[in-house]
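Summary of structural features
Okay, here's what each chain looks like letter by letter:
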Amino acid sequence: MNSSLSVIFPPEKRDGLLIVLDAANITFHTTGILIARLIRVVDFFQQRFPSARCVAFAPNFWLHSTSKSPSLSGNDAVLLQQLIAKDAAVLTPSHAHDDYYLIDYAIKYDGFIVTNDLFRDHIAECRVFQGQTLTTAWVRSHCIDYSFLGNEFLPNALALERLRLHKRQAMESDNVSKRETQQECDMEVEDKQQEFVMRRHIDLSEVCYYHLPRYLLSKMHGHNGDTMKHFQEFTNTYIVLPSQHCDNAPEMAILSIFGMGRAHAVRVLDAFQAENNASTCSIQDQLENKQGESMEVEDW
């Protein structure tokens, strides 16, 4: 059985909303502890927020009591063990307050806590979690209060709206971050191109265009662009190649060749193209010869 706090969710899966469940608060009932309520809450959030990660914090003595029998037995114990097996629940040490763990985890991963506990005692004692003093404002903005009507879980609608808003803001922030990263990459490529042009003293007003069969572009690009880099240095030119992969593109690609060495580059490209054409013809001749031999054998 896995009850380690460090493996609730692998780091690579921490990419959605985090919903922390105060198991002791949620499962409390006058008839005893009802783990079925915990299942209802997990199901609710997984249906409403498919990318959400739910994890319940429950005291260890529910399953491993120091007394003759644990606090849970029968179906409740089985249900809790199933949640633990699915990494949807974790047991906190019996000697420690489970609130400490669930609040700390929620703050660490910017999650929300499903609980009716206002944590007034922790606020009054100015307890610190992840370097942050717990405040009433944080509890109000990150806790989802609820009720049950029979087996139906009824969370506070306003709290759910805060959850949706948080998710939208997180997605927008992620999109902005991706755009900024792409812009930085584009700027880096552009800077390298400008550096190459300036270092080689290439006049970009001097240009010619060369038609090359598209299937040869991969050879021109070479390994990580090294072939193209060496070719430009050899011919003292700056060459703009079209993309290798382009849907519905014509068979002939157009290369833009800049610089005084463009005539030299054209001669080298002519030789390169002729060599590849000869190689292709040679392969085709070999195939035709083999086909001819095969036909002769069949005729014989």
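Along each chain, residues carry numbers from 1 onward, in the same order as the chain's sequence is written. Local features in this predicted model are restricted to residues whose pLDDT is 70 or higher, and side-chain atom pairs enter the listing and the counts only when it is 80 or higher, whereas totals over whole chains, interfaces and linings include all residues. The side-chain numbers reported here are obtained from all heavy atoms of the structure, hydrogens and water having been left aside.

Our next topic: the overall build of the protein chain. Along the backbone of the protein chain there are 10 helices and 14 strands. Counting all 300 residues of the protein chain, 33% fall into the buried class. The contact rule is simple, with two residues in contact once any of their heavy atoms fall within 4.5 Å. Within the protein chain, contacts between residues at least 6 apart in sequence are counted, and of these 70% link residues at least 24 apart. Residue exposure ignores everything except the shown protein chains as possible cover, and the areas themselves are Shrake-Rupley values with a 1.4 Å probe. Per element, the accessible surface of the protein chain, about 18,500 Å² overall, is 52% carbon and sulfur. To qualify as a helix, a DSSP run of H or I must reach at least 4 residues; to qualify as a strand, a run of E must reach at least 2; elements of each kind are numbered from the N terminus. Each residue is placed in one exposure class: buried if its accessible area under a 1.4 Å probe, protein chains only, is under 20% of its type's maximum, exposed if it is over 50%, and partly exposed if it falls in between.

Along the chain, the position of Thr237 falls in the loop between α9 (226-235) and β13 (238-240). Taking the C-alpha atoms as reference points, Thr237 and Arg262, 25 residues apart in sequence, are found 6.1 Å from one another. N or O atoms closer than or at 3.5 Å make up a polar contact, with two conditions inside protein: a donor-capable atom paired with an acceptor-capable one, and, for residues adjacent in sequence, both atoms drawn from side chains. A polar side-chain atom of Thr237 sits 2.7 Å from a polar atom in the side chain of Thr235.

Let us now look at the sheet that holds strand β9 (residues 143-144). Pairing between strands is defined by DSSP: at least two bridges between them are needed. On the basis of which strands lie adjacent, the open sheet formed by 5 strands has the order β5-β4-β1-β6-β9 and parallel pairing. Every interior strand has two partners, whereas the edge strands, β5 (89-92) and β9, have only one. Strand direction decides the pairing type here: strand β6 (residues 112-114) and β9, joined by 2 bridges, are parallel. In the sheet register, Val114 faces β9, and the bridge partner there is Ile144. Geometry is summarised by axes, namely lines fitted to C-alpha atoms with helices restricted to the contacting stretch, and by angles between N-to-C directions that run from 0 to 180 degrees. Helix α4 (residues 98-108) contacts β1 (18-22), β4 (53-59), β5 and β6 of the sheet and is inclined by roughly 170° relative to β1.

A separate point is the nonpolar core. Ranked by size, the top nonpolar core spans 36 residues in total, and within it Ile19, Leu21, Phe45, Leu80, Val114 and Leu163 carry the most contacts. The element contributing the most residues to this core is helix α2 (residues 35-48), with 6 residues. In contact with Ile19, not counting residues within four places along its chain, are Phe45, Ala52, Arg53, Cys54, Val55, Phe112, Val114 and Leu163. To form a nonpolar core, buried Ala, Val, Leu, Ile, Met, Phe, Trp, Tyr and Cys residues must be joined to one another through side-chain atoms within 4.5 Å. In terms of nonpolar packing, the next biggest core, distinct from the first, is built from 17 residues, Ile107, Ile113, Leu134 and Val139 among them.

So, on to the sheet that holds strand β12 (residues 207-213). Spatially, β12-β14-β13 is the arrangement adopted by the 3 strands of the open sheet, whose pairing is antiparallel. Across the chains shown, the open sheet's two edge strands, defined by having one partner strand only, are β12 and β13. Averaged over all adjacent pairs, the angle separating strand axes in this sheet is 30°, with direction ignored. The pairing of β13 with strand β14 (residues 252-258) spans 3 bridges and is antiparallel. Its bridge partner lying in β14, Val240 is registered against Ser256.

Here we take up the pattern of salt bridges. The working definition used for a salt bridge is a side-chain nitrogen of Lys or Arg within 4 Å of a carboxyl oxygen of Asp or Glu. Tallying each qualifying case throughout the model produces 2 salt bridges. For Arg127, the salt bridge goes to Glu125, with nearest N and O atoms at 2.6 Å. On the basis of relative accessible area, Arg127 is assigned to the partly exposed category, the value being 28%. What makes Glu125 partly exposed here is its relative accessible area of 48%. When the shortest N-O distance is used, the salt bridge between Arg164 and Glu161 registers 3.6 Å.

Of note in this structure, Asp87 is not a glycine but carries a positive phi near 60°. Along the chain, Asp87 turns up in the loop between α3 (74-85) and β5. Take Asp87: its relative accessible area is 25%, and that puts it in the partly exposed class. In this structure, Phe119 takes a positive phi of about 55° despite not being glycine.

Bringing the pairing of β5 into the picture now. With burial as the criterion, each face of β5 is covered, one bearing Ala89 and Leu91 and the other bearing Val90 and Thr92. Relative to β5, β4 runs parallel, the two sharing 4 bridges. Each bridged residue has a counterpart across the sheet, and for Pro59 the counterpart in β5 is Thr92.

Glancing now at the packing of α2 against α3. Packed helices, taken two at a time, are described by their axes: the angle between them and the distance between them. Direction vectors running N to C along α2 and α3 enclose 35°, while the axes themselves pass 8 Å from each other. In this structure, α2 uses Ile35, Ala36, Leu38 and Ile39 to contact α3, whose residues at the interface are Asp76, Leu79, Leu80 and Leu83.

What follows concerns the packing of aromatic side chains. Here the aromatic set is Phe, Tyr and Trp, taking the six-membered ring for Trp, and pairing holds for ring centres within 6.5 Å; pairs whose planes are under 30 degrees apart are stacked, those over 60 apart are edge-to-face, and all others are tilted. As enumerated under the stated definition, the model contains 10 aromatic pairs in all. Here the aromatic rings of Tyr146 and Phe153 are separated by 5.9 Å at their centres, their planes lie at 40°, and the arrangement is tilted. An aromatic cluster is defined as three or more aromatic residues linked by ring pairs; in this entry it consists of Phe44, Phe45, Phe49, Tyr146, Phe148 and Phe153.

A few words now on the pairing of strand β11 (residues 152-155). With burial as the criterion, only one face of β11 is covered, namely that bearing Phe153 and Pro155; the residues Glu152 and Leu154 on the opposite face remain uncovered. As paired elements, strand β10 (residues 146-149) and β11 share 4 bridges and run antiparallel to each other. Bridging from a neighbouring strand, Phe148 pairs with Phe153 of β11. Hairpin geometry of β10 and β11 is characterised by an intervening segment of 2 residues between the two adjacent antiparallel strands and by a positive phi of about 70° at Gly150.

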